Amino acid sequence: MELVPRKGRHMPLQRLHDISLGGVACNSVRAFRRGTAIELCIPLLGEQARFSGTVAWCRKEAEDYMIGVAFTDEENMFRARMVEQICLIEQYRKQREEAIGHALAPEAVAQEWIALHAADFAPV
C-alpha cells in the first residue's frame, strides 16, 4: 500500500494496520499533518485500488508513524471495504492451503469465506 499526498509524490510502500467503516489506519515512515488530502493506493490490485481520504490523525510509534485516514465519501468507503474483503479472502486461502498442504480453487475458498464472514460486512 502507498500513501500519496494528492499534490505530492508516492511514498514508499506502507503496512495497512486496520480498516473500518469510516477509514483506515496504516504505518508510515513519515508524519502527515491532520487535514492533509491523501490518496491510498494498493499497487498490487491495480489502478482501481485508489481511495481518496484526509489524514484524521497521526501518532508517533516506536519506529514509524500510525496514520488515520478518513475516507472522503461513501464510494471510497465502499470500495475500500471491498478491497479489505479481497485481502481477507486471500489471507484465508493461504491459511487453508497451508493447513491442508495443497492448493485450493480461489472461487471455492471465496464462497466459503463469504458464507462464514459476510454478515460482518453487511451495510450499515
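Residues numbered from 1 in each chain as written. Predicted model: local features only at pLDDT ≥ 70, side-chain atom pairs only at ≥ 80, totals over all residues. Heavy atoms only, no water.

Caption draft 1: Up close: the overall build of the chain. Counting its regular elements, the chain contains 2 helices and 6 strands. Helices (α) and strands (β) of the chain occur, in sequence order from the N terminus, as β-β-β-β-β-β-α-α. Looking at the chain as a whole, 36% of its 124 residues are labelled buried. Look at the contacts in the chain between residues 6 or more apart in sequence, and 49% of them connect residues 24 or more apart. About 8000 Å² of surface is accessible on the chain, with carbon and sulfur atoms providing 54% of the total. (Helix = DSSP H or I, 4+ residues; strand = E, 2+ residues; numbered from the N terminus. Buried < 20%, exposed > 50% of the residue type's maximum accessible area, 1.4 Å probe, protein only. Contact = heavy atoms within 4.5 Å. Areas by Shrake-Rupley, 256 points an atom, 1.4 Å probe, with all protein chains shown as cover.)

Caption draft 2: Fine view of the packing of aromatic side chains. Applying the stated rule across the entire model yields 0 aromatic pairs. A cation over a ring is seen here: Arg30 above Phe32, with NZ or CZ 4.1 Å from the ring centre. Directly above the aromatic system of Tyr65 lies the positively charged group of Lys60, at a separation of 4.8 Å from the ring centroid. (Phe/Tyr/Trp six-rings, centres within 6.5 Å; stacked < 30°, edge-to-face > 60°. Lys NZ or Arg CZ within 6 Å of the ring centre and 35° of its normal.)

Caption draft 3: A look at the environment of Ala25. With respect to the helices and strands, Ala25 occurs in strand S3 (residues 23–28). Given the relative accessible area of 10%, Ala25 is considered buried. Between the alpha carbons of Ala25 and Met66 there is a distance of 6.6 Å; along the sequence they are 41 residues apart.

Caption draft 4: Up close: helix H2 (residues 106–117). For H2, spanning 12 residues, the distance from its first C-alpha to its last is 16 Å, which sits close to the expected 16 Å at 1.5 Å a residue. Considered for burial, the residues of H2 that qualify are Val109, Ala110 and Trp113. End-on, the buried residues of H2 take up no more than an arc of 100 degrees, which puts them together on one face. Away from its buried face, by an angle of more than 90 degrees, H2 presents the exposed residues Glu107, Gln111 and Ala115. (Expected span 1.5 Å × (residues − 1). Arc of directions from axis to C-beta.)

Caption draft 5: Local environment of the pattern of salt bridges. Evaluation of the coordinates by the stated rule reveals 5 salt bridges. Where Glu112 meets Arg96, a salt bridge forms, and the shortest distance between an N and an O atom there is 3.0 Å. One end of the pair, Glu112, is in helix H2; the other, Arg96, is in helix H1 (residues 74–100), and 16 residues separate them in sequence. When salt bridges with common partners are traced through the structure, they connect Glu90, Arg93 and Glu97 into a single cluster. (Salt bridge = Lys/Arg side-chain N within 4 Å of Asp/Glu carboxyl O.)

Caption draft 6: Looking closely at the pairing of strand S5 (residues 50–60). Relative to S5, strand S4 (residues 37–41) is paired through 5 bridges, and the arrangement is antiparallel. Within S5, the residue paired with Ala37 across the bridge is Thr54. Looking at chain direction, S5 and strand S6 (residues 65–71) are connected through 7 bridges and run antiparallel. Counted as the bridge partner of Arg59 is Met66 from S6. (Pairing = 2+ DSSP bridges.)

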